[in-house]
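Topology and contacts: notes
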Amino acid sequence: MMNCEQFQEIVHDLLRNEALDGAAVENAFSHAESCGACSAFFGEAELLHTSLRSLATRYASEEAPPRVQESLLRKLAQERAPAPVPKANHRWPILAGGIAAAAVLLIVLMIHRGATQPGKTPQPQASPAASAGRIYEANASPAGDGESPGDEETAAGLFVPLTESFDPLSLDDTTVVRVVLSRSAMESLGLPSNESGDDQVVADLVIAGDGMPQAIRVVSWQVPETTPNRQ
Amino acid sequence: MDPTIGPAVPLDDDLLRRIRAGDQEAFGTVYERCQRPIYRFALHMSGRKPVAEDVTQEAFMALIGNNCSFDSSKGTLGAYLFGVARKHLLRHWEKEGLYVSLPAEEEFPAPPARANGNHHQNLIVLPVDLERNERIGRVREAILSLPADYREIVVLCDLQEMSYEETARILDCAVGTVRSRLHRARNLLMQKLRDTNNPRERFAAGERLAGP
């Protein structure tokens, strides 16, 4: 026979229909029928149970407002969107690749021209044709003679074109000037620089009638001591 | 039985993998399945809709971020979301206090409209409805005044109508603990309701209303 303590221990399970064996259920009801206090307790627990069910039913249709899902979907889309890459990151590899390709092309071109014209490899020339400033003015004609910068017989095959329109066989209306260039200036033209030499080099530039440089050749990787205004 | 609290199935892993890949449909599936129990749990626990809304949002945010620690070997996505919601509720209580009284307009959702389509019918409030509303209101207040451990047991077992096993999985405790805690919680509720005015009359009215 069940006592009051045992009854009150299972009363909520009884109301919730939790797994109780048939004998336990029967004992519980038998006790409640014979005990006024436990019968009242059962009524009280039953009322609470009913109230809880009513409360659950009343809230059954409650749900988060649509803005919660909308906000979450927006965040999901943002979270998975690829991060924007700065433009510079796109451009830099292309630019670096272009510079490297130009440098390689230039070296190959220089080697090729040297190889196809034996005995006409560039010879460093210590130019005595110094003038004021840093420009060695040639005799204006690539067909000049002597040791002028326009020693065209030698120079024609050694000039490296700086523009696509440069034609070494047609040097009319051009001027060859001898200049001292810094290595950084050489590099800015896409030309290789000699690491073992000075910071400056002596070079001949073919200047077109419009003043634009058309081609260049290195005369000397070292600036002669006699060069004026040597820096 | 709440469908979110069943045994762990591979489907949860698949859904989560798709959500991590940005699949909005997969997210919608989980949201549709779990948002109501999570929202109602937070609403019953806090007593405030804005808090329930925040907690629901934070719980589902756990699926979106890279810090999701869901492990299907330990339970379902639904149970995981309940766990996250509980943590956020705890943080909320630490910030604002354990008991938040209900603002009057949020105390109860509006009763469902009557089926006959006559809007004026909604204005007629029968004494029986008043009694029932009052009684349910007192139960609601009593639940909110329970210690958090007891409150969440009542909310899960009684208001969400989960079994002891389902509740134990969410709270990560033994079934026996759930059972004994629910019994103590219900006895505490009975004590609180008994302490109100005219308990005999209220219970008598309750017995009439609780008929078949």
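Note that the structure is a prediction, hence the values are computed from the model and not measured.

Rules and cut-offs
Residues numbered from 1 in each chain as written. Chains lettered and ligands numbered in written order. Predicted model: local features only at pLDDT ≥ 70, side-chain atom pairs only at ≥ 80, totals over all residues. Helix = DSSP H or I, 4+ residues; strand = E, 2+ residues; numbered from the N terminus. Buried ≥ 20, exposed ≤ 12 C-beta atoms within 10 Å, placed from the backbone. Contact = placed C-beta atoms within 7 Å. Axes fitted to C-alpha atoms, helices over the stretch in contact; angles between N-to-C directions. Left-handed = near helix turned anticlockwise from the far one by under 90°. Nonpolar A, V, L, I, M, F, W, Y, C, P; charged D, E, K, R; others polar. Bend = angle between axes of the 7 residues up to and from the residue. Expected span 1.5 Å × (residues − 1). Arc of directions from axis to C-beta. pLDDT = per-residue confidence, 0-100. Pairing = 2+ DSSP bridges. Parallel < 35°, antiparallel > 145°, perpendicular 65-115°, else oblique.

**Brief notes about the overall build of chain B**
On a plain count of helices and strands, chain B comes out with 9 helices and 0 strands. Put simply, chain B runs from its N terminus to its C terminus through helices and strands in the order α-α-α-α-α-α-α-α-α. Buried residues in chain B amount to 35% of all 212 residues. At a minimum sequence separation of 6, the contacts of chain B that also span at least 24 residues come to 71%.

**Let's talk about the packing of helix 1 (residues 4–16) of chain A against helix 2 (residues 22–34) of chain A**
Each packed pair of helices is defined by two parameters, the angle between the axes and the distance between the axes. All names here are of chain A. Running from amino to carboxyl end, helix 1 crosses helix 2 at an angle of 115 degrees, the nearest separation of the two axes being 11 Å. As helix 1 runs across helix 2, the sense of the crossing is left-handed. Taken together, the residues of helix 2 that come into contact with helix 1 (itself represented by Phe7, Ile10 and Leu14) are Ala24, Val25, Ala28, His31 and Ala32. Among the residues forming the contact of helix 1 with helix 2, the class breakdown is 7 nonpolar, 1 polar and no charged.

**Focus on unusual backbone geometry**
A positive phi angle is found at Asn17 of chain A, which is not glycine, with a value near 60 degrees. In this fold, Asn17 of chain A is placed in the loop between helix 1 and helix 2. The backbone of Glu161 of chain B shows a phi angle near 55 degrees, a positive value even though the residue is not glycine. What makes Glu161 of chain B partly exposed here is the crowd of 16 C-beta atoms within 10 Å.

**Let's talk about helix 2 (residues 24–46) of chain B**
In helix 2 of chain B, a bend of some 45 degrees at Cys34 of chain B exceeds every other bend along the element, and Pro37 of chain B, a proline, comes one to four places later. Directly after helix 2 of chain B, the chain includes Gly47 of chain B, whose backbone phi takes a positive value near 80 degrees.

**Considering helix 8 (residues 175–194) of chain B**
Residue and element names in this part refer to chain B. Along its 20 residues, helix 8 runs 29 Å from first to last C-alpha, staying within 8% of the 28 Å computed at 1.5 Å per residue. Within the span of helix 8, buried status applies to Val178, Arg179, Leu182, Ala185, Arg186, Leu189 and Leu193. Down the axis of helix 8, the sector holding all buried residues measures 130 degrees, keeping them to one side. Turned more than 90 degrees from where helix 8 packs its buried face, Gly176, Gln191 and Arg194 sit exposed.

**Describing the environment of Val176 of chain A**
Residue and element names in this part refer to chain A. By the element assignment, Val176 lies in strand 3 (residues 174–182). When the 28 C-beta atoms within 10 Å are taken as the criterion, Val176 is described as buried. Each C-alpha atom, one on Val176 and one on Ile216, is 9.1 Å from the other, the two residues being 40 residues apart in sequence.

**Thoughts on the confidence of the model for chain B**
Keep in mind that low pLDDT regions are not for reading the predicted coordinates in detail. Residues and elements named next belong to chain B. Chain-level pLDDT for chain B is 79 on average; 72% of the residues reach the 70-or-more range. Of the regions scoring below 50 in pLDDT, residues 99–123 engages in 20 contacts with residues more than four places distant in sequence or in other chains. On the interface metric, ipTM, the complex scores 0.75, and its pTM is 0.56.

**With respect to the interface of chain B and chain A**
Taken together, the contact between chain B and chain A spans 37 residues of the former and 28 residues of the latter. Those elements giving two or more residues to the side of chain B that touches chain A turn out to be helix 2, helix 3 (49–64), helix 5 (127–144), helix 6 (148–159), helix 8 and helix 9 (199–209) of chain B. Per-element tally for the side of chain B that touches chain A: the top contributor is helix 2 of chain B, with 9 residues. Partitioning the side of chain B that touches chain A into residue classes produces 19 nonpolar, 8 polar and 10 charged.

**A few points about the pairing of strand 5 (residues 213–220) of chain A**
All names here are of chain A. Among the 8 residues of strand 5, 7 are classified as buried, and the element is accordingly described as predominantly covered. Strand direction decides the pairing type here: strand 2 (residues 160–161) and strand 5, joined by 2 bridges, are antiparallel. When the sheet's bridge partners are listed, Val160 is paired in strand 5 with Ile216. When strand 4 (residues 200–208) meets strand 5, the two strands line up antiparallel, connected through 6 bridges. Residue pairing for strand 5: Leu205 is matched across the bridge by Ile216. Joining the antiparallel neighbours strand 4 and strand 5 is a turn of 4 residues, in which Gly211 adopts a positive phi near 90 degrees.

**Examining the confidence of the model for chain A**
Residues and elements named next belong to chain A. Looking at chain A, pLDDT values average 70 and 56% of them are 70 or higher. Mean pLDDT across the elements of chain A bottoms out in strand 1 (residues 135–137) (36) and peaks in helix 3 (residues 36–58) (93). Predicted confidence is poor over residues 118–157, with pLDDT under 50, and the contacts of this stretch with residues over four places away or in other chains come to 76 contacts. Overall, residues 227–231 carries pLDDT values under 50, and its contacts beyond four positions in sequence, including any with other chains, amount to 7 contacts.

**A word on the environment of Arg140 of chain B**
All names here are of chain B. Within the secondary structure, Arg140 is located in helix 5. Among the residues examined, Arg140 registers 21 C-beta atoms within 10 Å and is labelled buried. For the pair formed by Arg140 and Gly47, sequence separation is 93 residues and the distance between their alpha carbons is 8.9 Å.

**Quick word on the pairing of strand 3 of chain A**
Residues and elements named next belong to chain A. Burial analysis of strand 3 places 7 of its 9 residues in the buried class, which makes it a mostly covered element. Sheet topology note: the strand 3/strand 4 ladder contains 9 bridges and is antiparallel. Following the sheet pairing, Thr174 is matched in strand 4 by Ala208.

**Some thoughts on the packing of helix 7 (residues 164–171) of chain B against helix 8 of chain B**
All names here are of chain B. Close contact between helix 7 and helix 8 brings their axes to 8 Å; oriented N to C, the two are set at 105 degrees. Taken together, the axes of helix 7 and helix 8 are roughly perpendicular relative to one another. Contact with helix 7, carried on its side by Tyr164, Glu165, Thr167, Ala168 and Leu171, involves Val175, Val178 and Arg179 of helix 8 and no other residues of that element. A class-by-class count of the residues in the contact of helix 7 with helix 8 yields 5 nonpolar, 1 polar and 2 charged.

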